[in-house]
Amino acid sequence: MPAAETPDQIARTRMVTARAVLQGQADLRTYPYRLLAVVSHHGVSGDKVSEAVAAAEFLGQFGWDLVNISEFASNKIVYAFLRRR
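Notes on the structure in this doc start here.

Reading the values: rules and limits
- Residues numbered from 1 in each chain as written.
- Predicted model: local features only at pLDDT ≥ 70, side-chain atom pairs only at ≥ 80, totals over all residues.
- Heavy atoms only, no water.
- Core = buried A, V, L, I, M, F, W, Y, C linked by side-chain atoms within 4.5 Å.
- Buried < 20%, exposed > 50% of the residue type's maximum accessible area, 1.4 Å probe, protein only.
- Helix = DSSP H or I, 4+ residues; strand = E, 2+ residues; numbered from the N terminus.
- Phe/Tyr/Trp six-rings, centres within 6.5 Å; stacked < 30°, edge-to-face > 60°.
- Lys NZ or Arg CZ within 6 Å of the ring centre and 35° of its normal.

A closer look at the nonpolar core
Buried together is how nonpolar side chains tend to be arranged in soluble globular proteins. In this structure, Leu36, Val38 and Leu59 are the most contacted members of the largest nonpolar core, which totals 18 residues. Elements that contribute at least two residues to this core include exactly helix H1 (7-13), helix H2 (18-22), strand E2 (35-40), helix H3 (45-60) and strand E4 (77-84). It is H3 that contributes the most residues to this core, 4 residues altogether.

Put into structure tokens, the structure is as follows:
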């Protein structure tokens, strides 16, 4: 199992991986900002979108709303952008 993403790392980059969210390895309780990017870079295109949306849906129960989701063609990474309520 990969190492947990630290709250400091998440705050510094303003990003968290979808995998860390879904595996319960990301602690956002002390995250100081209102906006957050959830990054998915595992699997093929459809899998990445599904993973990012699943992470966004999971974070919805903790006060986060999905604002937008996008796949950047240059690096094939999917980003879900969230805003805290």
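Moving on from the coordinates now.
Examining the packing of aromatic side chains
The full count for this structure, using the stated rule, is 5 aromatic pairs. A centroid spacing of 5.3 Å and a plane angle of 75° characterise the contact between Phe72 and Tyr79, whose relative ring orientation is edge-to-face. Among the residues examined, Phe72 registers a relative accessible area of 35% and is labelled partly exposed. Site record: aromatic cluster; members linked through ring pairs are Tyr31, Tyr33 and Trp64. Lying across the ring of Tyr33, Arg14 places its NZ or CZ 3.5 Å from the centre.

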